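Residue-level listing of the chains:
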Amino acid sequence: MYQYLSSLSQTRRTIILSVLGILVALGVSLLTYLGPIGPVLVIVAALFVVFMICLFKEPSVGLLVLIVYCFLFGILSREVGGIAYGIGIEIFLLLTWITVIIQHKRYDWTRLNNPLTKLMLMWFIISVVEIINPAGASVMGWLQEIRSTALFPILIIPWYFYCLILKRN
């Protein structure tokens, strides 16, 4: 950064440093305005950046973080409460699948053609078709139930085979 700034003209250097100073001042004023939650948000943002770097280096980190999160889920909901912690599972799965799709050339996708993945796909299709069951209950109940019984398995099992069992070519 120092070499980049020293290679610029005096005017550009002044403009860049002024903009950075204004951004830092705005950030500090925002943190002051938010009170005690401000520094917590900064820490969470920094941990998120570290998590994303580790996730893009090795997608299997996502599974380990998901397992730790699921164990802490009960403690968090009991002690802190007020937040829908179940959505965190979908967020971790979504971020990991985005990473896997971006790095699709690292692994052999044809190895996902196994009986367990096919079984979970059939189960997911059956669960989705249940919404048109004439004797079915509410749509909200179906949405809440499909998350844990069909969505999580269809997302976790192929990902597990992709990232951990069927390592690189």
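Just so we're clear, the structure is a prediction, and the values are computed from it rather than from any experiment.

Mean pLDDT over the protein chain: 81, with 91% of residues reaching 70 or higher. Considering each helix and strand of the protein chain separately, the mean pLDDT is smallest for helix 1 (residues 2-7), with a value of 59, and largest for helix 6 (residues 115-129), with 91.

One finds Phe51, Ile89, Leu93 and Trp159 to be the most contacted residues of the largest nonpolar core, which totals 22 residues. Sorting the residues of this core by element identifies helix 3 (37-57), helix 4 (60-79), helix 5 (86-102) and helix 7 (139-165) as the ones contributing at least two each. Once residues lying within four places of it in the same chain are set aside, the contact partners of Leu93 are Leu66, Phe152, Leu155, Ile156 and Trp159.

A contiguous nonpolar patch, built from Leu121, Ile125, Val129, Ile131, Ile132, Val139, Met140 and Leu143 and spanning about 740 Å² of accessible area, is present on the exposed surface. Breaking the nonpolar patch down by element, the ones donating at least two residues are helix 6 and helix 7. Within the fold, Ile131 resides in the loop between helix 6 and helix 7. A relative accessible area of 36% means that Ile131 is categorised as partly exposed.

Here we come to the environment of Met122. Topologically, Met122 is positioned in helix 6. Note: C-alpha distance between Met122 and Leu31 (91 residues apart in sequence) is 49 Å.

Glancing now at the environment of Leu55. Relative to the helices and strands, Leu55 is located in helix 3. Here Leu55 falls in the buried class, since its relative accessible area comes to 0%. C-alpha of Leu55 to C-alpha of Thr99: the two residues are 44 residues apart in sequence and 7.1 Å apart in space. Once residues lying within four places of it in the same chain are set aside, the contact partners of Leu55 are Val61, Gly62, Leu95, Thr96 and Thr99.

In this structure the tally under the stated criterion is two salt bridges. Between Arg78 and Glu79 there is a salt bridge whose closest N-O contact spans 2.9 Å. Each member of the pair, Arg78 together with Glu79, is exposed. Salt-bridge contacts for Arg147 lead to Glu90; the nearest nitrogen and oxygen are separated by 2.5 Å. Note that Arg147 is positioned in helix 7 and Glu90 in helix 5, a separation of 57 residues in sequence.

What follows covers the layout of surface pockets. Of the voids in this model, the largest pocket is the one considered here, and its volume is about 680 Å³. The wall of the largest pocket is formed by 18 residues, among which Val44, Leu47, Tyr69, Leu76 and Phe92 lie closest to the centre. Listing elements by their share of the lining of the largest pocket, those giving two or more residues are helix 3, helix 4 and helix 5. By residue number, the principal contributor to the lining of the largest pocket is helix 3, which donates nine residues. A per-class count over the lining of the largest pocket returns 17 nonpolar, one polar and no charged.

Next up on the list: helix 3. Counted at 1.5 Å a residue, the expected span for helix 3 with its 21 residues is 30 Å, and the 30 Å between its end C-alpha atoms agrees. Turning to helix 3, the residues buried within the fold contact helix 2 (10-34), helix 4 and helix 5.

What counts and how
Residues numbered from 1 in each chain as written. Predicted model: local features only at pLDDT ≥ 70, side-chain atom pairs only at ≥ 80, totals over all residues. Heavy atoms only, no water. pLDDT = per-residue confidence, 0-100. Helix = DSSP H or I, 4+ residues; strand = E, 2+ residues; numbered from the N terminus. Core = buried A, V, L, I, M, F, W, Y, C linked by side-chain atoms within 4.5 Å. Buried < 20%, exposed > 50% of the residue type's maximum accessible area, 1.4 Å probe, protein only. Contact = heavy atoms within 4.5 Å. Patch = residues over 30% accessible without salt bridge, like charges linked within 9 Å, V, L, I, M, F, W, Y side chains within 5 Å. Areas by Shrake-Rupley, 256 points an atom, 1.4 Å probe, with all protein chains shown as cover. Salt bridge = Lys/Arg side-chain N within 4 Å of Asp/Glu carboxyl O. 1 Å grid on protein atoms, 1.4 Å probe; cavity = no way out; pocket = protein on both sides within 12 Å on 5 of 7 lines; lining within 4 Å. Points joined across faces, edges and corners; volume = space filled by probe spheres on them. Nonpolar A, V, L, I, M, F, W, Y, C, P; charged D, E, K, R; others polar. Expected span 1.5 Å × (residues − 1).

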